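# Tertiary structure, described
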2 protein chains.
Amino acid sequence: MKVLQYIRKNVKKMLNVISTDDFENLIKSIKEIDGEYVNILDSHGRILDEDIYSKVNIPGFKRSAVDGYAVIAKDTSFCNDENPISLDLKEVINIGVKPKEKICSMECSYIPTGGMLPIGADSIVMIEDTETISKEVFINKLVKKDENVVKENEDITIGDKVLSKGDLILSHQIAVLISLGFKTLKVKKVIKVGVLATGDELIDIDEDIEIPKVKESNGHFLTFASREDNCESKHYGIIDDNKENIKQAIEKALDENDLVFLSGGSSAGDKDFTKIVVGELGDIMFHGLSVKPGKPTLMAKCKNDKYIVVLPGHPLSCMIIYRFIALKLINKIYGKNHKVISQELELGEGYYKKTGREEYLPVKIENNLVYPIRSKSSAMSVMVRCDGIIKVDRDVEGYKKGDKVNVIRR
Amino acid sequence: MKVLQYIRKNVKKMLNVISTDDFENLIKSIKEIDGEYVNILDSHGRILDEDIYSKVNIPGFKRSAVDGYAVIAKDTSFCNDENPISLDLKEVINIGVKPKEKICSMECSYIPTGGMLPIGADSIVMIEDTETISKEVFINKLVKKDENVVKENEDITIGDKVLSKGDLILSHQIAVLISLGFKTLKVKKVIKVGVLATGDELIDIDEDIEIPKVKESNGHFLTFASREDNCESKHYGIIDDNKENIKQAIEKALDENDLVFLSGGSSAGDKDFTKIVVGELGDIMFHGLSVKPGKPTLMAKCKNDKYIVVLPGHPLSCMIIYRFIALKLINKIYGKNHKVISQELELGEGYYKKTGREEYLPVKIENNLVYPIRSKSSAMSVMVRCDGIIKVDRDVEGYKKGDKVNVIRR
């Protein structure tokens, strides 16, 4: 019974709750992870560690936007379908090859899409607007100077800032970087995340459900979610809920990773030795967030700029805290330019809450109206059913039907 | 010169353009790829090939939402801070273990968050609202029936449809599937994509830029983009722009993959043998789309439900056609429930176009206003600069400043 008395006395003291604003301030000074050079084809899903300024113009030379004939626009001034002019064909330009012939008045060269404009020519007549008889090309339509010509810096000019440090490299970025001539690239080292789950009630995927045991799902969620967010993550399994085991497991995970996410053991109840252990392994930055769901979150800084985040055991709380706390930590360490896609929409029904706590509320969108999904923090199906999340600030008492809210979509 | 005359005569005949509506109709009957069973931990990034109905209730038993004391609510009816009632402590329930003792009137058991409610109890008093002296527990606050109790089907009820055939499995879905007791799962086989690039102007990443050669970027884009969209993709490199080489390369890629994406060689110009080759390897479904950019797109159906898509060589066209044509084909073969995130916003400036062609227009969003990015289809930096894309229907002549448009964000 001594344990119970201890808990009763300490339950409020143990949770010194901070706000998410405090959290954002706390992580401001966190050091970014180092960079490394990788082959450009290995940079997919990595975070840029340098600003990218172009050393070249793109496309780099005047080229044709169409298949047709490179001409001097002035020569075509008076021509139309009825009055074609005839030009001498100088050469057939091949794509990827420098034109050999200069174009003088009343001359032209065939040029394919992407072909290099020959010296002297200033525009291209589309092939559809021409007739060819032997070496004579009849032009049926006038063109203006620069018509169908792609300028040498039409897309990118030398010195342009094309990408920024902190940008995530995906397929579009790789295409641009290849075109700019990059072969290697400085990207952030991959953040390694070790995931552990504690709780005597937890059973593994392979075991059959036997009430009141429950399947360990939070650890798997955290492993895959952090992989989706560009980390290399490993699940260390279910750790027996006793101090020595937890300590050893966290130490091993800390040793092998940059971040350790622990699910469960974050509340101030019985058998939650986690805070004591985490306190022995690092400096506790906070224990308790004034958010719903997710209050009993714990975070500690350990040596070598490593961090432990203990996430709530309730599945929905765990998912929300991952998204709005743990992911912010990941993105801070990456120095990532994280783009949140959100959308202002009207509420289809009212929502009321107590002031003093921020809330992250999963919502459905139907006919462009937002409906809160009312659920307990233990609910886990909410995140697969919701279309987005709204953040309800701590001082807000709620919303009326028709109020505009900002739905975080991604 | 014979080649030129041939091209001139056939250029319009060769492109029998269809609309994107026609395209959607064309792919309606395409057969979905088969399914296979995989270990649930290997299902991340895969497409579900079965509807998921729950065979269990979640959480599966009445459990506590807090650390506290399981009681009979009626016993606490008159208690408050000044008038606590005293209950006999029957046991300390451990999480994951069935309670041994039944609760009768004036009795209670300690219960941790997630612990199973003992028989007889109907509510839980939070530990903060109690005092404990030896085996006596003083309750300082009344609770109502079911207070702090999570119902056995609070989250998911037996028979609920939890996920649907065609859903993409990500971290949230895996967590739910694990909780439901799944060990293996029927998912779609991974679509294999072979990517080829043709064009005599193309040089590889390792070669230095030498005007008017350009770096091959479309093929790399298509490889990584289709990987982002859950395919297993391989780049077969740059193929010399001659008929025999192209044919051999496409044949090999067709043999080893479900889809072949070829960049370049889709326009009707000189040296574009692609259509002839593709026609020899399969039945051409269409050549030409009435969209801007991306008109010279070509698609063919080959034996064994394999498809070839020839995408335009212009980088922006290639990226747009990937997104709005090739990706739709991928999603159709997966039977994927693809969620597009879009947002209705006002245009910050007008945009005018010719009718008769649908346009996909990259846009920037600034201060919640939408600004079209004006660029040629050869531009490749647009897709890293834009915040989204608007689809301008074929009959629309354009928009005025202030008109509402639907921005496709993802």
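As a reminder, the structure under discussion sits directly above these lines.
Throughout, residues of each chain are indexed from 1 in the direction in which the sequence is written. Whichever chain is written first becomes A and whichever ligand is written first becomes 1, with later ones labelled in order. Whole-chain, interface and lining totals are the exception, using all residues; otherwise, since this is a predicted model, local features are given only for residues with pLDDT of at least 70 and side-chain atom pairs are given and counted only at 80 or more. Side-chain measures here rest on the full set of heavy atoms in the structure, leaving out hydrogens and waters.

### Remarks on the overall build of chain A
- Starting at the N terminus, helices and strands are each numbered in turn, a helix being any DSSP run of H or I of at least four residues and a strand any DSSP run of E of at least two. A count of helices and strands for chain A gives 8 helices and 28 strands.
- By the compact-globule yardstick of 22 Å for 410 residues, chain A is too spread out, its C-alpha radius of gyration being 31 Å.
- Taken over the C-alpha atoms alone, chain A extends approximately 105 × 50 × 45 Å along its principal axes.
- The burial tally for chain A puts 56% of its 410 residues in the buried class.
- Pairs of residues are marked as contacts when any of their non-hydrogen atoms sit within 4.5 Å. The contacts in chain A between residues at least 6 apart in sequence include a share of 71% that link residues at least 24 apart.
- Exposure was quantified through the Shrake-Rupley algorithm and a 1.4 Å probe, taking into account, for residues, occlusion by the shown protein chains and nothing else. Surface exposure of chain A reaches about 17,700 Å², of which carbon and sulfur atoms provide 47%.
- Between the centroid of the 61 positive side chains of chain A and the centroid of its 64 negative side chains there is a distance of 7 Å. Our radius of gyration looks at C-alpha atoms and nothing else; its globule reference is 2.2 Å times the residue count to the power 0.38. Residue burial is assigned from relative accessible area. The probe radius is 1.4 Å, only protein chains are included, and a residue is buried under 20% of its type maximum, exposed over 50%, and partly exposed in between. Only four residue types enter the tally: Lys and Arg on the positive side, Asp and Glu on the negative side, with His and both chain ends excluded. Working definition for charges: the position is that of NZ of Lys, CZ of Arg, CG of Asp or CD of Glu.

### Side note on the packing of helix H4 (residues 218–228) of chain B against helix H7 (residues 315–334) of chain B
All names here are of chain B.
- Relative to each other, H4 and H7 sit at 30°, their axes nearing to 11 Å. Relative to H7, H4 is oriented so that their crossing is right-handed. Of the residues in H7, those touching H4 at Asn 218, Phe 221, Leu 222, Ala 225 and Ser 226 are Pro 315, Cys 318, Met 319, Tyr 322 and Ile 330.
- Polar here means any residue other than Ala, Val, Leu, Ile, Met, Phe, Trp, Tyr, Cys and Pro, which are nonpolar, and Asp, Glu, Lys and Arg, which are charged; Gly is therefore polar. Taken together, the residues of the contact of H4 with H7 break down into 8 nonpolar, 2 polar and no charged. As a rule, the C-alpha atoms of each element are fitted with a line to give its axis, helices using only the stretch in contact, and angles between N-to-C directions run from 0 to 180 degrees. Note on convention: the crossing is left-handed when the near helix lies turned anticlockwise from the far helix by less than a right angle, right-handed when the turn is clockwise.

### What about unusual backbone geometry?
- That bond from Ile211(A) to Pro212(A) is cis: its omega, 5°, falls within 30 degrees of zero.
- Looking at the element boundaries, Pro212(A) is found in the loop between strand S14 (202–203) and strand S15 (214–215).
- Pro59(B) follows Ile58(B) through a cis peptide bond whose omega is 10°.
- Secondary-structure assignment places Pro59(B) in the loop between strand S2 (52–53) and strand S3 (63–64).
- Although it is not a glycine, Ser134(A) sits at a positive phi angle of roughly 50°.
- With respect to the helices, strands and loops of the structure, Ser134(A) is situated in the loop between strand S8 (130–133) and strand S9 (136–139).

### Topic: a positive patch on the surface
- Here the term patch refers to residues with relative accessible area over 30% and no salt bridge, with like charges joined within 9 Å and nonpolar side chains (Val, Leu, Ile, Met, Phe, Trp, Tyr) within 5 Å. By salt bridge we mean one thing: a side-chain nitrogen of Lys or Arg within 4 Å of a carboxyl oxygen of Asp or Glu. A cluster of basic side chains, namely Lys141(A), Lys292(B), Lys295(B), Lys354(B) and Arg357(B), defines a positive patch on the protein surface.
- For Lys354(B), the location among the structural elements is in the loop between strand S23 (351–352) and strand S24 (358–366).

### Looking at the packing of aromatic side chains
- Working definition: a ring pair exists when centres of Phe, Tyr or Trp rings (six-membered ring for Trp) sit within 6.5 Å. Plane angles under 30 degrees give stacked, over 60 give edge-to-face, the rest tilted. As enumerated under the stated definition, the model contains 10 aromatic pairs over all chains in all.
- Relative to Tyr110(A), the ring of Tyr69(A) lies with its centre 5.6 Å away and its plane at 70°, an arrangement referred to as edge-to-face. You can see Tyr69(A) sitting in strand S4 (residues 68–71) and its partner Tyr110(A) sitting in strand S6 (residues 107–111), a full 41 residues away along the chain. Taken as a pair, Tyr69(A) and Tyr110(A) share a single burial class, namely buried.
- Where Phe324(B) meets Tyr360(B), the ring centres are 4.2 Å apart and the plane angle is 25°; that geometry is what we call stacked. On the criterion of sequence distance, the pair formed by Phe324(B) in helix H7 and Tyr360(B) in strand S24 is long-range, its members being 36 residues apart. We note that Phe324(B), like Tyr360(B), is buried.

### Quick notes on the sheet that holds strand S5 (residues 85–92) of chain A
All names here are of chain A.
- Here, a strand pair is defined by DSSP locating no fewer than two bridges between the strands. Taken in spatial order, the 6 strands line up as S7-S4-S6-S5-S9-S8 in an open sheet, and their pairing is mixed. For this open sheet the edge positions go to strand S7 (123–126) and S8, each flanked by a neighbour on one side alone. Recorded for the sheet is a direction-independent mean angle of 40° between the axes of neighbouring strands.

### Looking at the side chain of Glu359(A)
Residues and elements named next belong to chain A.
- Topologically, Glu 359 is positioned in strand S24 (residues 358–366).
- This buried residue, Glu 359, is left without a salt bridge; Lys 292 holds the nearest opposite charge, at 4.1 Å.
- Here the side chain of Glu 359 touches Tyr 351 through a polar contact of 2.5 Å, side chain to side chain. Each polar contact in these results corresponds to two N or O atoms within 3.5 Å; when the atoms are within protein, one needs to be able to donate a hydrogen and the other to accept it, and residues that are neighboring in sequence are counted only if both atoms are side-chain atoms.

### Things to note about the relation of the copies chain A and chain B
- The least-squares superposition of copies is restricted to C-alpha atoms, and to residues with a pLDDT of at least 70 in both copies. With an RMSD of 0.1 Å, the operation that places chain A on chain B is a rotation of 180° combined with a shift of 0.0 Å along the axis. What the rotation and shift describe, once combined, is the action of a two-fold rotation axis. Distance from the rotation axis, computed per C-alpha, reaches its smallest value in chain A at Gln343(A): 3.3 Å.
- Here 100% of the interface residues in chain A have copies in chain B that are interface residues too; the copies meet face to matching face.

### Observations concerning the nonpolar core
- Throughout, nonpolar core names a set of buried Ala, Val, Leu, Ile, Met, Phe, Trp, Tyr and Cys residues whose side chains join them through atoms within 4.5 Å. Within the largest apolar cluster, 66 residues are counted, with the highest numbers of intra-cluster contacts made by Phe261(B) and Tyr322(B).
- Examining the composition of this core, we find that 14 residues originate from one element, H7(B), more than from any other.
- With residues up to four places along the chain from it excluded, the contact list for Phe261(B) reads Val193(B), Gly194(B), Val195(B), Leu196(B), Leu222(B), Ser226(B), Val309(B), Leu311(B), Tyr322(B), Ala326(B) and Ile330(B).
- Core analysis: the second largest hydrophobic core is formed by 65 residues, Ile333(A), Val162(B), Leu163(B) and Ala175(B) among them.

### With respect to the pairing of S24(B)
Residue and element names in this part refer to chain B.
- Within S24, 7 of the 9 residues are buried, which leaves it mostly tucked inside the rest of the structure.
- Summarising the sheet, S24 and strand S26 (residues 388–392) pair through 5 bridges and their orientation is antiparallel. Along S26, the bridge assignment pairs Pro 362 with Ile 389.
- As defined by bridge partners, S24 adjoins strand S25 (residues 369–372) across 4 bridges and the pair is classed as antiparallel. Residue pairing across strands places Val 363 opposite Pro 372, the latter belonging to S25.

### Concerning the sheet that holds strand S5 (residues 85–92) of chain B
Residue and element names in this part refer to chain B.
- Reading across the sheet, the 6 strands line up as S7-S4-S6-S5-S9-S8 and stay open at both edges, with mixed pairing between neighbours. Every other strand in the sheet has two partners, leaving strand S7 (123–126) and strand S8 (130–133) as the edge strands with one partner each. Each neighbouring strand pair of the sheet contributes to a mean axis angle of 40°, computed without reference to strand direction.
- Sheet topology places S5 next to strand S9 (residues 136–139); 4 bridges connect them, and they run antiparallel. Bridge assignment links Asp 88 to a residue of S9, and that residue is Glu 136.

### Re the side chain of Lys306(A)
Residues and elements named next belong to chain A.
- Mapped onto the elements of the fold, Lys 306 is located in strand S21 (residues 306–311).
- Comment: no salt bridge for buried Lys 306; closest opposite-charge side chain is Asp 258, at 5.4 Å.
- A polar contact of 3.1 Å, which involves the side chain of Lys 306, links it to the backbone oxygen of Asn 257.

### Things to note about the interface of chain A and chain B
- Between chain A and chain B, the residue contacts involve 93 residues of the former and 94 residues of the latter.
- Here's the idea: put two parts together, see how much 1.4 Å probe accessible area each one loses, and the total over both is what we call buried area. Summing the contributions of chain A and of chain B, the shared interface buries around 8,300 Å²; its carbon and sulfur component is 65%.
- Where chain A meets chain B, there are 17 residue pairs in polar contact (both at pLDDT 80 or more).
- Top contributing element to the side of chain A that touches chain B by residue count: helix H3 (residues 171–179) of chain A, with 8 residues.

### As for the pattern of salt bridges
Residue and element names in this part refer to chain A.
- Tallied over the entire structure, the rule returns 40 salt bridges over all chains.
- Between Glu 36 and Arg 46 there is a salt bridge whose closest N-O contact spans 2.5 Å. On the criterion of sequence distance, the pair formed by Glu 36 in strand S1 (residues 35–39) and Arg 46 in the loop between S1 and strand S2 (52–53) is long-range, its members being 10 residues apart.
- Between Lys 234 and Glu 256 there is a salt bridge, and its shortest N-O distance comes to 3.9 Å. Separated by 22 residues along the polypeptide, Lys 234 in strand S16 (residues 232–239) and Glu 256 in helix H5 (residues 243–256) bring together distant segments of the chain.
- Taking relative accessible area as the criterion, Glu 256 reaches 34% and is therefore assigned partly exposed.

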